[in-house]
Structures are given as C-alpha cells and as structure tokens.
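# Close look at the chain arrangement
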Amino acid sequence: MKLANLLGRAVVISGEGVGLDVERASAGRFSSDVMELFERWPEFAEWASGRESQADEPIDLNALWAPVPRPRQVFALALNYGDHAEEAGHKRPSDLCVFTKFPTAITGPRATVSLPSPAVDWEVELVVVIGRIAWEVAYEAAWSHVAGITVGQDLSDRKLQLAGARPQFSLGKSHRGFAPLGPWLVTVDEVPDPEDLELGCELDGEVVQRARTSEMIWSVGDIIAELSRICPLLPGDLIFTGTPAGVGMARQPARFIGPGAVLRSWVEGVGELENRFVAGPRYHPATASEEEKDK
Ligand code: ZN
C-alpha cells in the first residue's frame, strides 16, 4: 500500500497513480490527517489493503506534501555505510552514531529549498516510519513495528555542521526545508526485500550517489533494536538510516548545491524526490577572499 499526503489529506495511491481519499472512503472512520493514521496503524493498514482498486482521484505530484509531516521524534544515523565513513575520513564505527533532524526541517517531495550557505550537501537515505510503539524490541521483531518506508534527503549545511570545535550535526542538518520526504510511504510488502534496495541521487542530471541498502553497517533491524533499548520509538517517528558514498564534501574539489540546481533522489520500489534550490536571504556565494578570511 502507498499512502500519500495530498495537500494535507491522507490518500491511498494506486499503481496507476490515482488516489483514494481515506476520510471520505472510510465514511469518517479514519482521519484525513496522516499523523492520526499512525496511531492506529495496524487497523488502518488492514482497512486500506486491497482498496487501491477503488482509487479514482487524479494525483498531481506537485500537490503532495511530506507523507509524515509532524513526527514526534526523528532519528538519523551518521556513518552507516562503510564507504561513506571512509570518504568522510572516519574508521568504520563500532557504535551507532545518532543525531536528530528537528521536525520543522521536513518538507515535500517536490519542494523548493532555500540555500542558507554555499556549502549545502546532498545525502540520499532510506527513511523508516514507525507504525507501533517500539520499546525494547528484539532484532527479529523490528520490522513488525514499521509502518513503511520512504525516500529522504538529509540536506546538510557543512559550513554550520563543521564550524565550531565540535561538529553540530543536528543544527547543520535542520535548516528549514532540509528534510525533503516522500513522495509517499510504501508498506514493505510492496518491495521484494526492504533490506536490499538500490538508492541514489542525481544532481543536475549527473548521478552522484548510487548504492544498495544492504551495504548498511547497521541494518534497520539493528537500528530499531538499539534505539528502542534507550527510548520508545513512537508511531509516526522517522529514522533516516544513513547515506552511502558520493557526497559533495568528500570530493576533490568539494562540490555543493548551488542556486538553480535540481536534485533527484530515489529508492528502488518506493519513488523519487525532485527538489529545486534557490539562494536564501543569507546566502552569499563563496569567494576566494572570503575563504581566506575563514582560515
Ligand atoms: Zn545523513
């Protein structure tokens, strides 16, 4: 089942790209607010399964909002692919390295994002959406606590992230619009193997990242088991599962997202994001003299 957020209304999407309005089709049994559906996910998923055939509303992709617009918690993993850890100059981590993207960073699959600095980088990621409370969950039971998966971009302002004596992962990755999400949530029965999907992204037509989720150091099961030993994961919570190699910061010379750029990000069997970028009010293009001043 594919669940989308069409201008703030929950919609089940069919294979042909038409939608079924959840509140109307259920005669009010289920809310039009996707966040309320996560609170009753098993019951909702049972109602929705097989109902795609009733879909008849044409869907404008540009009218889709983030499928999970207001999670209570957003977990994100750093250095969860070995080749990305290496390109970032780190050893393969022996512990989970976790930060948050504050929820106000979430935006839609076709959103235009304002650039706060000339050092904004791309990080395509598989994003997992929690479907029932996960508290001290064993590895084997982890996926049964998942509502579905979606595509995320962990946009990162490297200038802010690396400005101080200690890295500021959470702030540097939480500017407004820094968490494009979508285009919909897909339940895991729709993909052959959720632990082995191709993901990638393309900047202005050039593929810059391409890998498989099977290359993760910590699998989705590992992540849920580890995190849920510390705090309960709540319905609608998000986990950004980390990015593979190919980010702009690690290139020689470093490459970042400029005004006018188009970034396409995809996960096999799920869908794709297409985000455009404009210079924000505090954006100043980097010049040689400014870079010297920074040193
Ligand atoms: Zn990331």
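The paragraphs below set out a description of the structure included in this document.

The step from G182 to P183 runs through a cis peptide bond, and the omega angle for that step is 0°. Of the consecutive residues Q252 and P253, the connecting peptide bond is found in the cis state with omega at -5°. Note on placement: P253 falls in the loop between β17 (238-240) and β18 (262-267). Notably, L7 is not glycine yet its phi reads approximately 50°, a positive angle. Inspection of the secondary structure assignment puts L7 in the loop between β1 (2-6) and β2 (9-13).

A separate point is the nonpolar core. Grouped together as the largest cluster of nonpolar side chains are 87 residues, with contacts concentrated most on L3, F44, I224, I239 and I257. Per-element accounting of this core gives the leading share, six residues, to strand β11 (residues 124-130). For this core, the domains that each give at least three residues are domain 1 (1-59) and domain 2 (66-294). Not counting the four nearest positions on each side in its chain, I224 is found in contact with I130, A134, V137, A142, V146, L233 and I239.

This brings us to the sheet that holds strand β9 (residues 112-115). If you trace the five strands from one edge of the open sheet to the other, you get β9-β19-β18-β15-β16, paired in mixed fashion. Only two strands of the sheet have a single neighbouring strand rather than two, namely β9 and β16 (206-212). Adjacent strand axes in the sheet meet at a mean angle of 20° when their direction is disregarded.

Cut-off values and rules
- Every chain's residues receive numbers from 1 upward, in the order its sequence appears when written.
- Whole-chain, interface and lining totals are the exception, using all residues; otherwise, since this is a predicted model, local features are given only for residues with pLDDT of at least 70 and side-chain atom pairs are given and counted only at 80 or more.
- Computation of side-chain values: all heavy atoms of the structure, hydrogens and water removed.
- Starting at the N terminus, helices and strands are each numbered in turn, a helix being any DSSP run of H or I of at least four residues and a strand any DSSP run of E of at least two.
- Among buried residues, those of type Ala, Val, Leu, Ile, Met, Phe, Trp, Tyr and Cys that are joined through side-chain atoms within 4.5 Å constitute a nonpolar core.
- Burial classes: relative accessible area under 20% of the type maximum marks a residue as buried, over 50% as exposed, and values in between as partly exposed (1.4 Å probe, protein chains only).
- Segment limits for the domains were obtained from an automatic or database-derived domain assignment.
- Contacts were defined at the residue level, with two residues in contact if any of their heavy atoms lie within 4.5 Å.
- When DSSP locates at least two bridges between a pair of strands, those strands are taken to pair.
- Axis lines are fitted through C-alpha atoms, for helices just across the contact stretch, and the angle between N-to-C directions can take any value from 0 to 180 degrees.

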